[in-house]
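Remarks on the overall topology
Next come the chains, spelled out residue by residue.
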Amino acid sequence: MPLLTRIRGPRDLDRLNLEELNQLAEEIRSFLVEAVSKTGGHLGPNLGVVELTIALHRVFDSPRDKVLWDTGHQSYVHKLLTGRQDFSKLKMKGGLSGYPSQAESEHDVIENSHASTVLGWADGIAKANQILERDDHVVAVIGDGALTGGMAWEALNNIADAKDRPLVIVVNDNERSYAPTIGGLANHLATLRTTDGYERFLARTKEVLERTPVVGRPLYDTLHGAKKGLKDFIAPQGMFEDLGLKYVGPIDGHDLEALESALAKAKRFGGPVIVHCLTEKGRGYQPALQDEADRFHAVGKIHPDTGLPIASSGADWTSVFGAEMVKLGEEREDIVAITAAMLQPVGLDKFAKRFPKRVYDVGIAEQHAAVSAAGLATGGVHPVFAVYATFLNRAFDQVLMDVALHKCGVTFVLDRAGVTGTDGASHNGMWDMSILQVVPGLRLAAPRDADQVRAQLREAVAVDDAPTVVRFSKGAVGPAVPAVRRVGGMDVLREPGTDRPDVLLVSVGALAPMCLEIAGLLDKQGISTTVVDPRWVKPVDEAMAPLAEQHRVVVTVEDNSRVGGVGSAIAQALRDAGVDVPLRDFGIPPRFLDHASRAEVLAEIGLTAPDIARQVTGLVAKLDGLPTERGAADAVDSVEPARD
Ligand SMILES: Cc1ncc(C[n+]2csc(CCOP(=O)(O)OP(=O)(O)O)c2C)c(N)n1
Ligand SMILES: CC(=O)[C@@H](O)[C@H](O)COP(=O)(O)O
Ligand SMILES: [Mg+2]
């Protein structure tokens, strides 16, 4: 990589001629395939933005000019050009983040990897530049997928209103989110793509007419004066131009010269301008280009030559849900599915194949998905909106005011709930069980294994007068965890073996095996433990208080923020019932968690069997009036740390 290794910062690009820049682009593509195949990551999106990123860093002067990336999953090339070329631990503890990161570089501004925010950020920064009389530039790169998000349009509405406030919007149009981008906007972009660019048409017309004696020039001037009508005739660009945004494009996003020329023009423009770039997701890498599903949007470790996965993935939570949805779809014609641009990642692809008319991809529009689901329910069908837990945050108000207030039977299926790890702070699904606690009437299930996913999904879709939620983790689903008996609606997973047990251990969802391990460790300390899985964590089961009362201490363990989570809800329910058994809640501390494997994150926050067993041992010792260190160390010595 003779050229790439010489690039220490964006200004090193200035010394390269066009041929060298194209060579650099090829080096970067080889680097990405080699590096990302070893770690996993967003390969397809980054292969598509190589030339675009080079051009951006040649035309703009980062970090003085702010180059902002929507979602940030396509920022690997930006990293390579801004002094970060060690990808050996990409997304791993201590390695580079999979998204922009302020801690990594002064070239990174936004690290929130929830989509469609970049235009809002750019609007704010441009306003600050104007107030503080700075002549720095702001460039926002947004994908065609992210542009389907409502927030992008709220921002555009504001951006377009200030004709004298410079702001460059680069639409990175690769025609895909994961799957091909859907909707009227995608259709409009397609129209812009397929028609000859207005600017090009005008230039060519001018050339021809100027060669036409007498009438040529006046005719050109008349046509140019008729601007809007002509533009719409040539290439219907109405939407952006009607909003008041200058439109430049479409530009071949792999042609460095064309890109630089368009970006330089946009930089000079002095107001809000859209540069529409056409790129190819997975560019230059056959396995990605041949991947119909998502062009290698996000891959695990793969063989670089073939693109085939290195580890065969076993049954995961997502596919258990996906298969049950197909069965439910066969049994009930009124069940429909919704995805916010993530059909395959949330496991709805099989349902879509079987019932293509009963699935709606709404674009990256979680808020709309929730409100539209309320409408569907009101219209008499039962929608299942499958979404990553972290992305439901965005639709909180709609869940509350539209679905719950209107008592709509909508089922939300939250994938990637709990600590997901390697995607960093924004992707952990650690808020859902807190924010949803306050929604009146909502019922929330946290299945512990595949059988429970199936059973609780069925219970959820049977509710037609309130929102229901089923949340589960990322990755492989473990073996079945059988119940010993049922109390109320809860499953007892382990009996204490004594009449006056010490601990009631409340296990939430996928943490059941860990809770059983904790109980085993406590057993060794002579601490008797009942392990109960409430199954439905909201509302708190009526049998919880009487069961708690039979124990000396209640311990809750959840893969969610400790603040306002299941532990808090149970504590409140016990207080309300007049049960004064002490309760200790274990969960995720309310802070943003750096990227690392799930096991590493859990270890760091003390959410492991040995850590919890140690603390519970101390707690029980305190109740006994003994020194709090009683045997705690013995309880943990023989335990291996959890592995991913
Ligand atoms: C609010 C939100 N919903 C869903 C996602 C998951 N997601 C990440 S990238 C992506 C597709 C983005 O498409 P596009 O903006 O066109 O970028 P591309 O990958 O095509 O470059 C989606 C749906 C997200 N990051 N944020
Ligand atoms: C950028 C984004 O939001 C997604 O692409 C995310 O990285 C996918 O995560 P999973 O790998 O858990 O599906
Ligand atoms: Mg795209």
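Keep in mind that this is a model prediction, so the values were computed, not measured.

Reading guide: rules and limits
- Counting restarts for each chain, with residues numbered from 1 along the sequence as it is written.
- Here chains are named by letter from A upward and ligands by number from 1 upward, in the order in which they appear as written.
- In keeping with the predicted nature of the model, local features appear solely for residues at pLDDT of at least 70, side-chain atom pairs appear and are counted solely at 80 or more, and the whole-chain, interface and lining totals rest on all residues.
- To obtain the side-chain values, all non-hydrogen atoms of the structure were included, while hydrogens and water were left out.
- UniProt positions are given in the numbering used here, feature names are shortened, and annotations may be inferred rather than shown by experiment.
- Note on conventions: DSSP H or I runs of at least 4 residues are helices, E runs of at least 2 residues are strands, and numbering of each starts at the N terminus.
- The buried label applies to any residue whose accessible area, calculated with a 1.4 Å probe on protein chains only, is under 20% of its type's maximum; exposed applies above 50%, and partly exposed to all values in between.
- Should any heavy atoms of two residues lie within 4.5 Å, those residues are counted as being in contact.
- One heavy atom within 4 Å of a molecule or strand is enough for the residue carrying it to be called near that molecule or strand.
- Side-chain atoms alone can form a polar contact between residues adjacent in sequence; in general such a contact is a pair of N or O atoms within 3.5 Å, and within protein one must be able to donate a hydrogen while the other accepts it.
- The Shrake-Rupley method, run with a 1.4 Å probe, gives the accessible areas here. Residue values count only the displayed protein chains as cover.
- Gly counts as polar in this scheme, as do all residues outside two lists: the nonpolar Ala, Val, Leu, Ile, Met, Phe, Trp, Tyr, Cys and Pro, and the charged Asp, Glu, Lys and Arg.
- These domain limits were set by an automatic method or by a database of domain assignments.

**Examining the UniProt feature "binding site: thiamine diphosphate" (unreviewed entry) in the protein chain**
UniProt feature "binding site: thiamine diphosphate" (unreviewed entry): in the numbering of this structure it lies at H73, S113, H114, A115, G145, A146, N174, Y285 and E366. The annotated residues occupy 294 residues of the chain and do not converge on a single region, their most distant C-alpha atoms lying 31.6 Å apart. Structurally, H73 is set in the loop between strand 1 (66-69) and helix 4 (76-81). With a relative accessible area of 13%, H73 lands in the buried category. Excluding its chain neighbours within four sequence positions, the residues that come into contact with H73 are H42, P45, N46, G98, Y99 and H297. As for its position among the elements, N174 is in the loop between strand 3 (167-173) and helix 7 (184-194). N174 sits in the buried class, given a relative accessible area of 11%. In contact with N174, not counting residues within four places along its chain, are D144, T279, E280 and K281.

**Some details on the site of ligand 2**
Looking at ligand 2, the residues that line it are H42, T71, H73, Y99, Y178, H297, Y388, F391, R416, D423, H427 and K474. H427 places a polar side-chain atom, nitrogen or oxygen, 2.6 Å from an oxygen atom of ligand 2. Summarising the interface, the protein chains cover 87% of the accessible area of ligand 2, which totals 360 Å² for the free molecule. Looking at the shell around ligand 2 residue by residue, the classes come out as four nonpolar, five polar and three charged. Each of domain 1 (54-75 + 106-195 + 236-284) and domain 2 (317-471) gives at least three residues to the shell around ligand 2.

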